[in-house]
Every structure is written in structure tokens, then in C-alpha cells.
Amino acid sequence: MSTSKGKKPIKERKEEFKTPSGITIDSSYKAVSREVENAGEFPFTRGIHPSMYRSRLWTMRQYAGFSTATESNKRYKYLLSQGVTGLSVAFDLPTQIGYDSDHELAEGEVGKVGVAIDSLKDMEELFDGIDLQEVSTSMTINATAYILLALYISLAKKQGADVLKIRGTVQNDILKEYAARGTYIYPPKPSMKIITDIFEYCSKEVPNWNTISISGYHIREAGSTAVQELAFTLANGKAYVKAALEKDLDIDVFGKRLSFFFNAHNNFFQEIAKFRAARRLWAKMMKEMGATDPKAMMLRFHTQTGGSTLTASQPLNNISRVTIQAMSAVLGGTQSLHTNGFDEALSLPTEEAARTALRTQQIIAYESGVADTVDPLAGSYFIESLTDELERGAKDIIEWIDDAGGSVNAIEEGIIQNEIARSSYEYQKDIENGSQIIVSVNKYAEEETGSANIFKVDDSIRDDQIKKIRSVKEARNEDEAQMKLQALENAARDGINIMPCVIECVERYCTLGEVSDKLREIYGEHSG
């Protein structure tokens, strides 16, 4: 009940108001005395740059990749012509789990959820006519991130680019694959070794490359709450930092190349507060782990709007959802942003949907005015309170994970997976009993008329990829290719950094499957 002095209590819509993370929402908030730092100052609650978007807007990315490299290249060139400022590459499932398109397990999956990449030949076609020194590229790839990064570096060299200047990110976050997504290959320990090999190699050879994008996105997609997304993601980040420190890497060097990847859902204020709390928590954690350079304490992040929030029914409603989510990411201070297409609950996005999603970002940037001042909602009693609550809740979970032996141990024992599953179950129950309303699903549903324009990928592209693999193997120097694969095996057995050997392999047109299989022989496979 809400009351005003001398007036009868007003009946409210609910007995209790809470965020989806269970944080109680009061009817109103009052100022709390606190010391408020400026943006660009530790612990970076208000943003990592003093002027934020007044100096430079966030990078506008559109996640794209499908079918063959040639077809994806056409979409990239179209998006660049429409104002995209950074590319974001989606790979098909065989590429993600280290199988060439001619592998029996690749049947039916080639080019379906992303582009098929089997060798340097595909990479050459994927970026044909695109200067890698001029564009920032994000690659959503994990178990085979080391191979895709090697392919990208090799292509940059072929283009004549200065690899010291190429910019981009590999997701390279294997812990969340074990916890939430499933596209892993090797067991956790060798996987962590590969990741720290990438840290070490890039810090010297490709210094402007972000070596990992620690992902809360897929944790949230799997059903976690916002507090869990924040906690599990930062706990995983802590595990990567510790692994790098054990390898005697300098936290003030590799710490600057760490980045994060968060989800943006529909609870507008909770999401804004989540991003602010993430920066504050991470800055304190990095300082505790020994960072002294402020840039190594800054949490830089990419945001993608929530795929699991999109509905197949009344898909145009998704434009409103994506707009709300994108706005929360901008108000929360994201460094780059992908907005989902309204039709993605039905298929890969059509060109129209991808264009509309990009225009959503551009309208926010150029018409809404929210980018004209730093941290526009700072000082809001509600936002500041929510930021504190999210930080407090996430910190409690991180301490609980630490007590369980850290993220790797908690994942190996299934602790984190069980917590995500429990939250997902509770949320689904709320939808089914009507306490959580999803417009067009459990309220305001209508009988669908007509059919949506669905983007489809032809199964015949697998035949084309198989022909290309055969052609590549026939044209390469087979003795050199096998010699380089043997050198990779030796490096893996000896425990030295594998990245130089992987680059030499792909430069000789060894395929993704050949490289990943060579490490399967050494490291084995994770059984789940």
C-alpha cells in the first residue's frame, strides 16, 4: 500500500515490487550521502572515460555471419555502407567446435548459425576488400579462438597491414562454455593454458588486440538473473587473471586488454545499474589482485540486446524491446553495442531487420540526446540504490564461489550450472503463472496471420565447402603443412606457447579441423 499524509491508502498493482533479480523496489527513494567520483576516475562507476560519448560514440556493431565467407562478406560490406563502425563475426557450429565442413558431425550445420571457416582461404574471402588495419573486428569464438585469431593475423600480414595496429576482440571465454553454452573441446586446464598463451603472445605481438571478452551474455541467455550474470562473469574474469598471474604475466599489461560482454534485458533501470556496478566491482577486484595502472582496472564492455527476450509471436514488438535494451546499455556506459534484429526468434536476421537494428542505435546516438552528457542518470536516488544492491548481491556470490575454490572448481563440480538452471526454472514458472507478463506470449496474444519473411541458408553450401577444402589441400605444400602440424604437437607436449606454431600452420593452409585435432590428440576432449 502507498500512503500520503492524511489520505486513505492507495491500493497498488502488486503486493510487492521486485526486479527480476529479486531486489525489492521501494515506492520512492531518498538521497544517500556518498562521495561521488567523476567518470574516468577509480572505481569508474560513472564510466571509464572523462567525457564518454561527448568525445566518441560507442562502436556500433552488427553481429553477422552465415553461409559461405563470400556471402557473409557481402553482408559486411552492406553494413559498413550503412554506418556500422565495427564488424562482429558469427561462426557456424562446426567452426566453433573445431570440425571442418567435411567432417561427418558437420552435416546439417554448415553455415547455419554463422559463417563456415575451414582455412585461410575462407578468411581471405570473408574479408575481401576490407582493410583489416582500418576496421575493428570482434569474433564470437571460444574453443577455437586461438585458430581464428591466427587466421586473422595471417590475413592481416598478407594484406600488408601492420599487425601492431590491428584492432579487435576474440571472445575466448571458455569458462562460460562449460557453465552455460557447451561449445567446448578440451578440458578446463589445457583450455586455460591456451587462453594464457593468447594473452602472452598478443601482449608482445598484437598489443591493440583485446585477448578475451569475458561473457555474461550467454550466462544470462541460459537463464541467470542479472545479479548472477554480473557475479559469475566477474568470478570467471578473476580466474583468468589468476591463471595469467601464475604464468608470471604482468597484470598492468594484460589487464588493459581484458574486455567483457554483457546482456541487456528489459528491466531498464536494473540493467543500467548492473553496468555501473560491474565497473565498480571489477576495478576493486583488479586493485586487490595487484593492478596499479588505472587502465588495467577499467572494465570495458560490449553489450548485445537479449536474444532470449525476443518473441516469435508479433515479432515487430521486438523493435520496442531492443530499443529499451539498447538505451539501457548506452545509459550504462557501454563501449560497443549490437542490437538484435526483430526477426531473430524466427531465423537469422534478414537484411531489413539488420538495418532496422542498426538504425535503432543511430537514432539513440544522434536524436535522443542521451549521449550528450556523461552518466545521465547519476544521482538518481533509484539508480544509485540499485547500483549498490547489485554490487552487494554480486559480491556475496563471488565470495561464495571463492569459498568453493574459484570458478574453475565451481564449474567442474556443477555448482554454477545448477544455480543458473534453478533461476531459469523459477523465471519460467513466473511466466506460466502470469506473475511475469510477456506481451504477445501470456498477455495480449493474437492469432497470427500471414507469414514472416524468414532468412534460410541452403544445405548445398556444405558441398561447396568440401570442394574448397579439397582444392586447398591439393594446392598447398603438403610436406610443409605436415611439418608445421608436427611442430604444433611438439609445442603442446612441451608446454610452450602454441600461438607461433598455430600461425605457421594456418599460413601453410592447414585447416581448422587439422589444427584442433592435433591438440585433441595431446589434450583430449572434455566430456561435459
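See the structure printed just above.
Residues numbered from 1 in each chain as written. Predicted model: local features only at pLDDT ≥ 70, side-chain atom pairs only at ≥ 80, totals over all residues. Heavy atoms only, no water.

Undergrad: I'd love a proper account of the pattern of salt bridges, names of residues and values included.
TA: Counted under the stated rule, the structure contains 37 salt bridges. A salt bridge links Lys-429 to Glu-426; its shortest N-O distance comes to 3.7 Å. Note that Lys-429 and Glu-426 are positioned in helix H16 (residues 415-433) at a spacing of 3 residues, about one turn of the helix. Using a relative accessible area of 35% as the deciding quantity, one classes Lys-429 as partly exposed. Of the residues examined, Glu-426 reaches a relative accessible area of 34% and is grouped as partly exposed. A salt bridge links Glu-489 to Lys-518, with the shortest nitrogen-to-oxygen separation between them at 3.3 Å. Here Glu-489, found in helix H18 (residues 478-494), pairs with Lys-518, found in helix H20 (residues 512-523); they are 29 residues apart in sequence, far enough to count as distant. Like Glu-489, the residue Lys-518 is buried in the burial classification. Within this structure, Arg-46, Arg-276, Asp-375 and Glu-384 form a network of salt bridges that share partners. (Salt bridge = Lys/Arg side-chain N within 4 Å of Asp/Glu carboxyl O. Helix = DSSP H or I, 4+ residues; strand = E, 2+ residues; numbered from the N terminus. Buried < 20%, exposed > 50% of the residue type's maximum accessible area, 1.4 Å probe, protein only.)

Undergrad: Just give me the short version of unusual backbone geometry, but keep the residues and values in it.
TA: Cis rather than trans, the peptide bond between Phe-42 and Pro-43 has omega equal to 5 degrees. Here Pro-43 lies in the segment before strand E1 (59-64). Backbone geometry places Ser-67, a non-glycine residue, at a positive phi of 55 degrees. Along the chain, Ser-67 turns up in the loop between E1 and helix H1 (69-81).

Undergrad: An account of the environment of Pro-43 is requested, with residue identities and associated values reported.
TA: Its relative accessible area of 11% is what places Pro-43 among the buried residues. Expressed as a C-alpha distance, the spacing of Pro-43 and Thr-68, which sit 25 residues apart in the sequence, is 44 Å. Dropping the residues within four chain positions of it, Pro-43 is found in contact with Glu-37, Arg-279, Arg-280 and Ala-283. (Contact = heavy atoms within 4.5 Å.)

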